[in-house]
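Summary of the model geometry
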Amino acid sequence: MGKQIYLIRHCQAEGQAPDAPLTEKGKKDAEKLADFLEDKGIEMIVSSPYLRAVQTATPLAERLSLEIQTDKRFSERVLSTEDLPDWLDCLKATFADLDLKFKGGESSREATRRAMDALHHYQNVGLTRFAVITHGNLLTLMLHHFDKSYGFEAWRNLSNPDVFCLFTHPTDSCIKRIWQDVSSNG
């Protein structure tokens with residue numbers, strides 16, 4: 001039997017720190033996201049423990065009367081613990097070389113393995129539809145796992161929020177972007 005996994009990038013936040021909250025626009029977009037996902041039959045919501053991800057999940061969880069499960073394996077990938085003035089070039093390089101690693105950070109391959117371990121865990125709990133709220137870089141690495149065309153440019157083109165549906169079957173899987181930027185519609 002097939003599964004539908006909604007892979008979601010959090011809404012706009014005030015910063016990159018784990019405790020950075022959503023902006024006012026982010027809070028409004030979290031409500032729009034809940035409107036968009038409310039009728040999709042989602043049975044479980046798993047979120048990065050970062051505040052911006054949990055706040056993104058909260059309106060949907062409230063509407064569906066679901067608890068938000070947090071899993072640190074869906075936390076954003078740390079590129080480096082040092083300040084990288086050319087961080088954008090460094091990030092781009094990690095999409096070209098999946099084993100490239102900067103001081104204190106994770107390689108793309110390590111971050112992908114961590115996220116995929118978590119995703120496989122939740123795929124095996126017997127549900128058909130669930131949502132994962134995560135972060136842009138990790139989301140792109142997960143997408144790349146299923147479709148190699150997702151890379152640095154795909155990351156650059158993500159919106160906050162963004163939603164992809166991973167359709168999985170025992171022999172195949174496909175990814176489809178299903179979010180339209182409803183925030184531009186008023």
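Above this text sits the structure in question.
Below or above, wherever it landed, is the structure these notes cover. Keep in mind that what you see is a predicted model, and the values were worked out from it rather than measured.

1. Thoughts on the packing of helix H4 (residues 108-123) against helix H5 (residues 136-146)
To describe two helices that pack against each other, one gives the angle between their axes and the distance between the axes. Between H4 and H5, whose axes approach to 9 Å, the crossing angle comes to 80 degrees. Looking at the two axes, H4 sits roughly perpendicular to H5. Here Ser-108, Ala-111, Thr-112, Arg-114, Ala-115, Met-116 and Leu-119 of H4 come into contact with H5, specifically with Leu-138, Leu-141, Met-142, His-145 and Phe-146. The residue makeup of the contact of H4 with H5, split by class, is eight nonpolar, three polar and one charged.

2. Some points on the side chain of His-135
In this fold, His-135 is placed in the loop between strand S4 (129-134) and H5. Here His-135 falls in the buried class, since its relative accessible area comes to 0%. Setting aside residues up to four positions removed in sequence, His-135 forms contacts with Arg-9, His-10, Ser-48, Tyr-50, Arg-52, Ala-53, Phe-74, Ser-75 and Glu-76.

3. What to know about empty space enclosed by the protein
In total, this model carries one cavity of 30 Å³ or more according to the counting rule given. The space that makes up the largest cavity amounts to roughly 30 Å³. Surrounding the largest cavity, Ile-8, Ala-30, Leu-33, Ala-34, Leu-37, Thr-56, Ala-57, Leu-60 and Ile-133 form its lining. At the level of elements, helix H1 (24-37) and helix H2 (51-64) are the ones that each hand at least two residues to the lining of the largest cavity. A per-element tally of the lining of the largest cavity places H1 first, with four residues. Residues of the lining of the largest cavity, tallied by class, amount to eight nonpolar, one polar and no charged.

Criteria and thresholds
- Residues numbered from 1 in each chain as written.
- Predicted model: local features only at pLDDT ≥ 70, side-chain atom pairs only at ≥ 80, totals over all residues.
- Heavy atoms only, no water.
- Axes fitted to C-alpha atoms, helices over the stretch in contact; angles between N-to-C directions.
- Helix = DSSP H or I, 4+ residues; strand = E, 2+ residues; numbered from the N terminus.
- Parallel < 35°, antiparallel > 145°, perpendicular 65-115°, else oblique.
- Contact = heavy atoms within 4.5 Å.
- Nonpolar A, V, L, I, M, F, W, Y, C, P; charged D, E, K, R; others polar.
- Buried < 20%, exposed > 50% of the residue type's maximum accessible area, 1.4 Å probe, protein only.
- 1 Å grid on protein atoms, 1.4 Å probe; cavity = no way out; pocket = protein on both sides within 12 Å on 5 of 7 lines; lining within 4 Å.
- Points joined across faces, edges and corners; volume = space filled by probe spheres on them.

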